[in-house]
Amino acid sequence: MSRLLRAHGFVATLFESAGALLDYGGFERAMCIVLDINLDGKSGIELRLRLTEKGVTAPVIYITGNDSPANRTAAIASGCVAYLTKPFSAESLIESVTRAAAA
């Protein structure tokens, strides 16, 4: 995903863990955050809520390989701008990031 985003002119910053993302100090420069719903046993949706509690307002795009009505409902309720199920097309990711950047 990083190469794809960079190929379309976006700067991508990758994080090794949910904790590393929570510790990040540059959210004011983020046009959006792409989060997997499942993060090594942790919830991407819960991570999004923790970011919101910290005052992070960047739009969120969720990706998941484990689509379910419960995940979809929780993701939408958390305020995501897109919910992509794996495998998703490159075009759908770029379109979602572009839309998030305009938000």
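For the structure, check the block above.
A few points on the structure.

Focus on the nonpolar core
In this structure, Leu-21, Ile-33, Leu-35, Leu-47, Leu-51, Tyr-62 and Ala-75 are the most contacted members of the largest nonpolar core, which totals 17 residues. Counting residues in hydrophobic clusters, the runner-up holds 12 residues, among them Phe-10, Cys-32, Ala-82 and Val-97.

What about the state of the cysteines?
In total, this model carries 0 disulfides according to the counting rule given. Cysteine Cys-32 is unpaired, with the sulfur of Cys-80 as its nearest cysteine sulfur at 12 Å. Judged by its relative accessible area of 16%, Cys-32 falls in the buried class. Given the relative accessible area of 18%, Cys-80 is considered buried.

What about the sheet that holds strand β1 (residues 33-36)?
Across the sheet, which stays open at both edges, the 3 strands sit in the order β1-β4-β5 with parallel pairing between neighbours. Of all the strands in the sheet, the pair left with one neighbour each is β1 and β5 (82-85). With direction set aside, neighbouring strand axes in the sheet form an average angle of 20 degrees. Pairing between β1 and strand β4 (residues 60-64): 4 bridges, direction parallel.

Observations concerning helix α5 (residues 90-102)
With 13 residues, α5 should reach 18 Å at 1.5 Å per residue; the first-to-last C-alpha distance of 19 Å fits that figure. Buried-residue contacts for α5 involve α1 (2-7), β4 and β5.

Concerning the pairing of β4
The buried fraction of β4 amounts to 5 of the 5 residues, a majority that puts the element mostly inside the structure. Burial of the side chains of β4 extends over both faces: Val-60, Tyr-62 and Thr-64 are buried on one face and Ile-61 and Ile-63 on the other. In terms of strand pairing, β4 meets β5 through 4 bridges, oriented parallel. The partner of Ile-63 across the bridge, within β5, is Leu-84. Traced from β4 through helix α4 (residues 69-77) to β5, the parallel crossover comes out right-handed.

Focus on the packing of aromatic side chains
Tallied over the full model, the rule gives 2 aromatic pairs. Between Phe-15 and Tyr-24, the aromatic rings sit 5.0 Å apart at their centres with planes inclined by 70 degrees, giving edge-to-face as the arrangement. Assessed through its relative accessible area of 25%, Tyr-24 is described here as partly exposed. Between Tyr-24 and Phe-27, the aromatic rings sit 5.1 Å apart at their centres with planes inclined by 90 degrees, giving edge-to-face as the arrangement.

Analysis parameters
- Residues numbered from 1 in each chain as written.
- Predicted model: local features only at pLDDT ≥ 70, side-chain atom pairs only at ≥ 80, totals over all residues.
- Heavy atoms only, no water.
- Core = buried A, V, L, I, M, F, W, Y, C linked by side-chain atoms within 4.5 Å.
- Buried < 20%, exposed > 50% of the residue type's maximum accessible area, 1.4 Å probe, protein only.
- Disulfide = S-S within 2.5 Å.
- Pairing = 2+ DSSP bridges.
- Helix = DSSP H or I, 4+ residues; strand = E, 2+ residues; numbered from the N terminus.
- Axes fitted to C-alpha atoms, helices over the stretch in contact; angles between N-to-C directions.
- Expected span 1.5 Å × (residues − 1).
- Contact = heavy atoms within 4.5 Å.
- Right-handed = clockwise from strand over helix to strand, strands pointing away.
- Phe/Tyr/Trp six-rings, centres within 6.5 Å; stacked < 30°, edge-to-face > 60°.

The analysis is restricted to geometry; functional conclusions fall outside its scope.
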